[in-house]
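Results of the structural survey
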Amino acid sequence: MANEIRQKLLEASLAHVPFDGWSETTLLAAAADLGVAADVARAAYPSGGAELATEFHLTCDDLMVARMTDADLGAMRYSERVAAAVRLRLEAVQDKELVRRVLALHSLPQNAPQGARLVWGTADRIWVALGDTSDDINWYSKRAILSGVYGSCVLFWLGDVSEDHVATWEFVDRRIGDVMRFEKLKDQVRDSKVLAPLLSIPTALFSGIRAPSSAVSCKNWSGS
């Protein structure tokens, strides 16, 4: 029942976010639209509008993963699958203004850590959905790189006025292509008898790093 109320409040809030942002005002307006008491709405989202924004982001992540499952990604090259996942994530958003308001919220110092966690979480969802099984430093590097790529794609997408966002999809392909070229270069260095020693020191330093046994939920808005 609590999850149902949270979902209904989120859906009702979307009409108010472009005007009042991800705020207490939006939460209470959504509650009024649904005939839900203000104290019930606050109990559903104790951290107010910021928690509502987190729920919106995670819901879009869920939609992306569902669409990835339905899409025929197996016939694509690996770089194309990553690019397709980023595109599906952007297409999960009904209105760009909702994302602009999320970015405005997370630009505030007290909310910036949660914004970073959410982007990292999106990158993690993509890699997991694509079958990533790395458990060492590569687990972190893949997510860190994709987080940066995804963030730049979001910013480009927000300013894109091209028909059907064709410019954005070309930008996504270029950014993913850059990452894949870097990974290919890294493999070539590793396989080279001359250059491989250059990686020996950092490899030794990070050899003990392992992926966390379980993901930290981004719903933990307080970060504790």
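Residues numbered from 1 in each chain as written. Predicted model: local features only at pLDDT ≥ 70, side-chain atom pairs only at ≥ 80, totals over all residues. Heavy atoms only, no water.

1. A look at the packing of helix α1 (residues 2-13) against helix α3 (residues 24-34)
It is the contact of α1 with α3, at a shortest axis distance of 8 Å, that shows an interaxial angle of 105°. The angle between α1 and α3 falls in the class roughly perpendicular. Contacts between α1 and α3 involve Lys-8, Leu-9, Ala-12 and Ser-13 from the first element and Thr-26, Leu-27, Ala-30, Ala-31, Asp-33 and Leu-34 from the second. A class-by-class count of the residues in the contact of α1 with α3 yields six nonpolar, two polar and two charged. (Axes fitted to C-alpha atoms, helices over the stretch in contact; angles between N-to-C directions. Helix = DSSP H or I, 4+ residues; strand = E, 2+ residues; numbered from the N terminus. Parallel < 35°, antiparallel > 145°, perpendicular 65-115°, else oblique. Contact = heavy atoms within 4.5 Å. Nonpolar A, V, L, I, M, F, W, Y, C, P; charged D, E, K, R; others polar.)

2. Here we look at the nonpolar core
By size, the foremost hydrophobic cluster in this structure holds 49 residues, and its most contacted members are Leu-9, Trp-22, Phe-56, Val-86 and Leu-146. Not counting the four nearest positions on each side in its chain, Leu-146 is found in contact with Val-82, Val-86, Ala-123, Ile-126, Trp-127 and Ile-176. (Core = buried A, V, L, I, M, F, W, Y, C linked by side-chain atoms within 4.5 Å. Buried < 20%, exposed > 50% of the residue type's maximum accessible area, 1.4 Å probe, protein only.)

3. Some details on the packing of aromatic side chains
A full pass over the atoms with the stated rule returns five aromatic pairs. Ring centres of Tyr-78 and Trp-127 lie 6.1 Å apart, and the angle between their planes is 20°; this geometry places the pair in the stacked category. Residue Tyr-78 is found in helix α6 (residues 78-91), and its partner Trp-127 is found in helix α8 (residues 112-129); the two are separated by 49 residues along the sequence. Taking the relative accessible area as the measure of exposure, Trp-127 reaches 7% and is therefore buried. Among the aromatic residues, those joined into a cluster by ring pairs are Trp-120, Trp-139 and Tyr-140. Between Arg-6 and the ring centre of Tyr-45, over which it is positioned, the NZ or CZ distance is 4.2 Å. A cation sits over an aromatic face here: Lys-96 above Trp-157, 5.5 Å from the ring centre. (Phe/Tyr/Trp six-rings, centres within 6.5 Å; stacked < 30°, edge-to-face > 60°. Lys NZ or Arg CZ within 6 Å of the ring centre and 35° of its normal.)

4. Concerning the environment of Leu-52
Of note, Leu-52 is situated in helix α5 (residues 49-70). What makes Leu-52 buried here is its relative accessible area of 0%. In contact with Leu-52, other than residues within four places in its own chain, are Leu-10, Ser-13, Trp-22, Thr-26, Leu-27 and Tyr-45.

Such coordinate-based values are descriptive only and should not be taken to indicate function.
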